[in-house]
Amino acid sequence: MASITILTPVHINAPERWNYLEQTFESFYRCNQSPVNIIHNMVDDRSPMRSEDLPGFCRQHKINLLKQFRDGEHRGYFDVFKTLVDSVQTEQFIYLEPDHYFYLAADFIGPALKMHAMLPDLHQVYLRAPLVHQPFRREGNQLITHDGSRLHRIRIDKENTGWIGSGRTHESFSFMPSVFNTAIMKKLLADSFIPGGPSAVEDHFAALWAHKALVGYLNGQAFCYHIGAVAKSAPGGYLSIGDTAYEKAWSSKQL
């Protein structure tokens, strides 16, 4: 049976962030209908609240708590991300920040792994789309994204289509939940360092991948959306659980 690794960084700096963590895990495992074997690894990035509760939470959910960083123990978020990626022994991994709500029950892992197998240069398959309430525009065998990228159709099987291309912002590197190529990411992270927080790391790779890296969506769908409204310092929007307009717009397959 195929296996995939889930990578989750946590930084609990408000009571609501513990709620987001629980909502992310509950919704992910409830909606995931893939038979793929899952290995789930976590790193605590200096949580000022409830860090003492994380070991028990991880035992309950059968998660490997790799490390709990304390103040002064790392140079920036890059070290957290690299610790997570270095732990991966599967060919692909899912980066899953703990403030996302999965609403669409489906096998979104198996077809994404097929996409990676078909395209060895594929960097990232997104499980989330931009936080807008209109799906991508279809033009024949292309999807036109909100950023103007043109994604081309590849047939995965009778039930699933991959939409592949390269572009900027949402269609370059992103920390939104995605299936990544492990070898590509390990090579990029080796012998390097990017100072700053998650936004700085994300912006660095987004600029590096812009109009170059091969990325894509499964069926032109989004299987989750961001719900992290509290104690948020990074840019980006969020929705509330039960946003039926977003769910309706992004649940329909574009085959």
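Everything below is about the structure printed above this text.
Residues numbered from 1 in each chain as written. Predicted model: local features only at pLDDT ≥ 70, side-chain atom pairs only at ≥ 80, totals over all residues. Heavy atoms only, no water.

(A) Here's a closer look at the packing of aromatic side chains. Per the counting criterion, the structure on display carries 25 aromatic pairs. Taken together, a centroid distance of 5.1 Å and an interplanar angle of 90 degrees make the contact between F28 and Y29 edge-to-face. On the basis of relative accessibility, which here comes to 0%, the residue F28 falls in the buried class. For the pair F173 and F205, a centre-to-centre distance of 5.2 Å together with 45 degrees between the ring planes defines the contact as tilted. Here F173, found in the loop between strand 10 (160-165) and strand 11 (178-181), pairs with F205, found in helix 6 (residues 198-209); they are 32 residues apart in sequence, far enough to count as distant. By the burial criterion, F173 is buried, and F205 matches it. Linked through ring pairs, Y77, F81, F93, Y95, F173, F175, F180, F205 and W209 together constitute an aromatic cluster. Taking the ring centre of F69 as reference, the NZ or CZ of K67 above it sits at 5.0 Å. Across the ring face of F193, the terminal group of R75 is positioned such that the distance to the ring centre comes to 4.0 Å. (Phe/Tyr/Trp six-rings, centres within 6.5 Å; stacked < 30°, edge-to-face > 60°. Buried < 20%, exposed > 50% of the residue type's maximum accessible area, 1.4 Å probe, protein only. Helix = DSSP H or I, 4+ residues; strand = E, 2+ residues; numbered from the N terminus. Lys NZ or Arg CZ within 6 Å of the ring centre and 35° of its normal.)

(B) Region of the structure containing the pairing of strand 3 (residues 64-69). Bridge analysis of strand 2 (residues 37-45) against strand 3 gives five bridges, and the strand direction is parallel. Note on strand 3: the bridge partner recorded for D45 is F69. Once you follow strand 2 into helix 2 (residues 54-61) and on to strand 3, the crossover reads as right-handed. (Pairing = 2+ DSSP bridges. Right-handed = clockwise from strand over helix to strand, strands pointing away.)

(C) Quick look at the sheet that holds strand 8 (residues 142-144). If you trace the 11 strands from one edge of the open sheet to the other, you get 3-2-1-4-11-6-12-10-9-8-7, paired in mixed fashion. Lying at the two open borders of the sheet, with one neighbouring strand each, are strand 3 and strand 7 (137-139). The sheet shows a mean angle of 30 degrees between the axes of neighbouring strands, taken without regard to direction. Sheet analysis places strand 7 next to strand 8, joined by three bridges and oriented antiparallel. Bridge pairing links R138 to L143 in strand 8. The sheet strands contacting helix 3 (residues 77-86) are strand 1 (3-10), strand 2, strand 3 and strand 4 (92-95), and the helix crosses strand 2 at an angle near 155 degrees. Set on the sheet, helix 5 (residues 182-189) makes contact with strand 4, strand 6 (122-126) and strand 11; between it and strand 11 the angle comes to about 70 degrees. (Axes fitted to C-alpha atoms, helices over the stretch in contact; angles between N-to-C directions. Contact = heavy atoms within 4.5 Å.)

(D) Expanded view of the environment of S47. For S47, the location among the structural elements is in the loop between strand 2 and helix 2. The class for S47 is buried, based on a relative accessible area of 6%. Every residue in contact with S47, bar those within four places of it in the chain, is listed here: V10, H11, I12 and L54. Polar side-chain contacts of S47 include one of 2.8 Å to the backbone nitrogen of I12. (Polar contact = N/O pair within 3.5 Å; in protein donor to acceptor, adjacent residues only side chain to side chain.)

Bear in mind that shape data such as this cannot, by itself, settle questions of function.
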